[in-house]
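# Geometric and topological summary
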Amino acid sequence: MSPPPAPAPESGPDSARATSGAVATHALRIDAARLAERLRELALVGAIDGGGVCRLALTDADRDARDLVIGWMRDLDMEVRIDAVGNVVATRGGDPALAPVMCGSHIDTVRTGGKYDGNFGVLAGLEVVETLAATRTDTVRPLAVAFFTDEEGARFHPDMLGSLVYAGGMSTETALELRGIDGTRLGDELDRIGYAGSHPCPGPVPYAFVEVHIEQGPVLEAAGITIGAVTGVQGIHWEEITVEGRSAHAGTTPMSMRLDAVHAAAALTMRVREIVETVGGSQVGTVGSFDVHPNLVNVVAARAVITVDLRNTDANELERAIAELGRACTDIERSDSVVITRRVTADFDPVDFDPAMVDRVEGVATTLGLSVQRMPSGAGHDAQMLARVCPAAMIFVPSVAGLSHNVAEHTELDDLEAGANVLLHTMLDLANEAP
Ligand code: GLV
Ligand code: MN
Ligand code: MN
C-alpha cells in the first residue's frame, strides 16, 4: 500500500514546505526550541535542588507528570490508551489495521534523577508527531508514543516493569501484587493516582519499537560522537539481601560475642567490589541501598538489608558473578555468625537488538550528516523488553561528563535535537514501509 499524499503544508519548516506526501519527507526536522520547552516544563514536576527531579513511580509527582504529558498527547489529537499497569500509549494517523511504529520511554525518575533520563525519549516522540502534524505529513502505519510504568524500578522492583508486563514477560496479576520500598502495593498505588487503565496486558505488538535516550555514560562525549547506534543492553541481576544478627549493647558486649549485622553487610559490600574486579571485563556491581535496624549509635545492629546490582554484557560472566556472590554470603554467615537471606528482584539476560534495526539507525544518522558509532547500553531500557516481541532499536546522545541518576545530568540541546531527528527519520522510514 502506498502512503496517502499529504496536502502541501501551509506552515512548518521552510525546507519541508515545498514537499508533499511521505515520499518527500526527507527534509523534515523537529523543532528544538519546542522540545526544550516541554523538557523544561516536565522537569518542574517533582523538581528538586540542583536542577534535578524526584518522581518515583506512582507517586503524586508521577501522576502530575502523567497528566501533563497526556494533555500534550491530546493536544496533538492522539488517541490515548492506558493499560492495566498504567502504561500509556498514544497513537496518531496511519492505517488502523496496521501495527504501529512505536517509540517511547519513561517519565518516572530515581530519587535524585535528572531532567532527561526517559523524559527525552517520550518528549522526542511527541516532537516527531508534532513535526508531522505541522506539515500535514501522514504515514502508512500509525505512529505510537508510549511511556511505561516504573522503568527505573527504584520504587517497585524489577526495573522496566511496565514494558516487561506490556511485552508479556510478567503477568498483570503478579505486577499488581508487587510491594514497593515503602511497603505499598503497586495495584493500590495505581488506583490511588487514577492510572489503573482498562486496556489489557500484554499490549498490542508494534511493527517496531525505537527509543531515543541519553547515553548516561561517558563514551560518546569522550569520542566526540553525536549518535550512538545501540547494539544491545547488558544483563541485569538485582538482589535484596537481608542479614540477621542480634541487637546488643555497644559498650558491654565483647567483640567475640556479637552477631553484628552491619559488620556482616559491610563485609559483603566489600566482597561485591572484589567479585567485580575478579570477573573483570564489562562486569559492574553496586551496593546502592543499605537499611539498618535499629540504626542507633549505641546498639549493635540486629538487621541490615542491602541491595546488590550486578551487570555484564556476557551472560556467562554475569552467572559467574552471581555464583561468587552466593559464596560470599556463605563465607560471611560463617565468619560473622549471622543469617543471610537472598531475594532476587530482577534478572534479565543481555539483549541484542535486531541487526537490521541497528543498521537503520546508523544509516539514518549518516544520512543526516551526524557522526555515529555502535555501542552497547550499560543502563536498562524499555526497548530491551519490547525487543522480546518486535524489532527494537535505540538511539543514544551524549551525556555531559557521563553523568546520570544525578541532578546534574545534562545533554546539550544540539545533541537532543540530533537524536530526535534520527528518531523522526527512523520512525518515518519504518512507518512508510509497505505492509
Ligand atoms: C535504569 O535506569 C537502570 O538501568 O537501572
Ligand atoms: Mn531511562
Ligand atoms: Mn534511569
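Residues numbered from 1 in each chain as written. Chains lettered and ligands numbered in written order. Predicted model: local features only at pLDDT ≥ 70, side-chain atom pairs only at ≥ 80, totals over all residues. Heavy atoms only, no water.

## With respect to helix H4 (residues 119-134)
- Taking 1.5 Å as the rise per residue, H4 with 16 residues should run 22 Å; its terminal C-alpha atoms sit 22 Å apart, in good agreement.
- Summarising burial for H4: 14 of the 16 residues are buried, a large majority.
- Count one or two residues on from H4 and you reach Arg 136, which has phi positive near 50°. (Helix = DSSP H or I, 4+ residues; strand = E, 2+ residues; numbered from the N terminus. Expected span 1.5 Å × (residues − 1). Buried < 20%, exposed > 50% of the residue type's maximum accessible area, 1.4 Å probe, protein only.)

## Notes on the coordination of the manganese ion (ligand 2)
- The protein atoms that coordinate the manganese ion (ligand 2) are His 106 (NE2), Asp 117 (OD) and His 213 (NE2), at distances spanning 2.0 to 2.3 Å.
- Counting the intervening residues between successive donors of the manganese ion (ligand 2) yields the motif H-x10-D-x95-H.
- The metal-metal distance between the manganese ion (ligand 2) and the manganese ion (ligand 3) is 3.7 Å, with Asp 117 coordinating both. Residue His 106 is located in the loop between strand S5 (101-105) and H4, and its partner Asp 117 is located in the loop between S5 and H4; the two are separated by 11 residues in the primary sequence. You'll find His 106 and Asp 117 in the same group, each marked buried. (Donors = N, O, S within 2.8 Å, 3.2 Å for Na, K, Ca; no water.)

## Focus on the packing of aromatic side chains
- Tallying each qualifying case throughout the model produces 2 aromatic pairs.
- Between Phe 148 and Tyr 166, the ring centres sit 5.7 Å apart and the planes meet at 75°, which makes this aromatic pair edge-to-face. Of this pair, Phe 148 sits in the loop between strand S6 (143-147) and helix H5 (161-166) while Tyr 166 sits in helix H5, placing them 18 residues apart in sequence. With respect to burial, Phe 148 and Tyr 166 carry one shared label: buried.
- Taken together through their ring pairs, the aromatic side chains of Phe 148, Tyr 166 and Phe 209 make up a single cluster.
- The side chain of Arg 38 reaches across the aromatic face of Trp 72, ending 5.6 Å from its centre.
- The positively charged end of Arg 141 is found above the aromatic ring belonging to Tyr 207, 3.5 Å away from the centroid. (Phe/Tyr/Trp six-rings, centres within 6.5 Å; stacked < 30°, edge-to-face > 60°. Lys NZ or Arg CZ within 6 Å of the ring centre and 35° of its normal.)

## Considering the coordination of the manganese ion (ligand 3)
- For the manganese ion (ligand 3), every protein donor is listed as Asp 117 (OD), Glu 152 (OE), Glu 152 (OE) and His 405 (NE2), and the spread of their distances is 2.1 to 2.4 Å.
- Within one chain, the residues serving as donors to the manganese ion (ligand 3) are arranged as D-x34-E-x252-H.
- We classify Asp 117 as buried; its relative accessible area is 5%.
- With a relative accessible area of 41%, His 405 lands in the partly exposed category.

## Structural notes on the domain arrangement of the protein chain
- Annotation of the protein chain at the domain level lists domain 1 (13-234 + 350-431) and domain 2 (235-348).
- One C-alpha centre belongs to domain 1, the other to domain 2; they are set 34 Å apart.
- Here domain 1 and domain 2 share an interface that buries about 1100 Å² over both sides, 64% of which is from carbon and sulfur atoms.
- For domain 1, the biggest contributors to the area lost against domain 2 are His 157, Gln 234 and Pro 350; these three give 55% of the whole.
- For the pair domain 1 and domain 2, the number of links is 0 salt bridges.
- Summed over the shared surface of domain 1 and domain 2, the result is 2 residue pairs in polar contact (both at pLDDT 80 or more).
- For the side of domain 1 that touches domain 2, the class distribution of residues is 8 nonpolar, 6 polar and 3 charged. (Domains from an automatic or database assignment. Buried area = accessible area lost by both parts, 1.4 Å probe. Salt bridge = Lys/Arg side-chain N within 4 Å of Asp/Glu carboxyl O. Polar contact = N/O pair within 3.5 Å; in protein donor to acceptor, adjacent residues only side chain to side chain. Nonpolar A, V, L, I, M, F, W, Y, C, P; charged D, E, K, R; others polar.)

## Remarks on the nonpolar core
- Within the largest apolar cluster, 98 residues are counted, with the highest numbers of intra-cluster contacts made by Val 69, Met 73, Leu 126, Phe 353 and Leu 423.
- For this core, the leading source of residues is helix H13 (residues 413-431), giving 10 residues.
- Both domains that furnish three or more residues to this core are identified here as domain 1 (13-234 + 350-431) and domain 2 (235-348).
- For Leu 126, the residues in contact, after removing those within four places along its chain, are Arg 38, Val 69, Trp 72, Met 73, Leu 76, Met 78 and Val 145. (Core = buried A, V, L, I, M, F, W, Y, C linked by side-chain atoms within 4.5 Å. Contact = heavy atoms within 4.5 Å.)

## Considering the state of the cysteines
- Scanning the model with the defined rule gives 0 disulfides in all.
- Cys 390 takes part in no disulfide bond, and the closest cysteine sulfur, belonging to Cys 103, lies 12 Å away.
- Overall, the relative accessible area of 7% leaves Cys 390 in the buried class. (Disulfide = S-S within 2.5 Å.)

## So, the pattern of salt bridges
- Applying the stated criterion across every chain, the model contains 24 salt bridges.
- With its nearest N and O atoms 3.3 Å apart, the salt bridge here joins Glu 79 to Arg 81.
- Look at Glu 79 and you get partly exposed, because its relative accessible area is 44%.
- Residue class for Arg 81 comes out partly exposed when judged on its relative accessible area of 38%.
- Salt bridges sharing common partners tie together Asp 60, Arg 63, Asp 64, Arg 155, Asp 182, Glu 189 and Arg 192.

## Here's the deal with the environment of Gly 125
- Mapping Gly 125 onto the fold places it in helix H4.
- In this structure Gly 125 comes out as buried when scored by relative accessible area, which is 0%.

## Digging into the side chain of His 106
- On the basis of relative accessible area, His 106 is assigned to the buried category, the value being 0%.
- Engagement of the side chain of His 106 in a polar contact is seen with the backbone oxygen of Asp 108, the distance being 2.9 Å.
- Polar contacts involving the side chain of His 106 include one to the side chain of Asp 117, which spans 3.0 Å.
- Setting aside residues no more than four positions away along its own chain, His 106 makes contact with Asp 117, Gly 118, Asn 119, Val 122, Phe 147, Phe 148, Glu 151, Glu 152, His 213 and Asp 382.

## Topic: the site of ligand 1
- Close to ligand 1 lie Glu 151, Glu 152, Asp 159, Arg 311, Ala 379, Gly 380 and His 405.
- A distance of 2.7 Å is found between an oxygen atom of ligand 1 and a side-chain nitrogen or oxygen belonging to Arg 311.
- Taking Gly 380, its main chain carries an N or O atom lying 2.7 Å from an oxygen atom of ligand 1.
- Protein contact buries 95% of the 200 Å² of open area that ligand 1 shows by itself.
- Of the residues belonging to the shell around ligand 1, the class tally is 1 nonpolar, 2 polar and 4 charged. (Near = heavy atom within 4 Å. Areas by Shrake-Rupley, 256 points an atom, 1.4 Å probe, with all protein chains shown as cover.)

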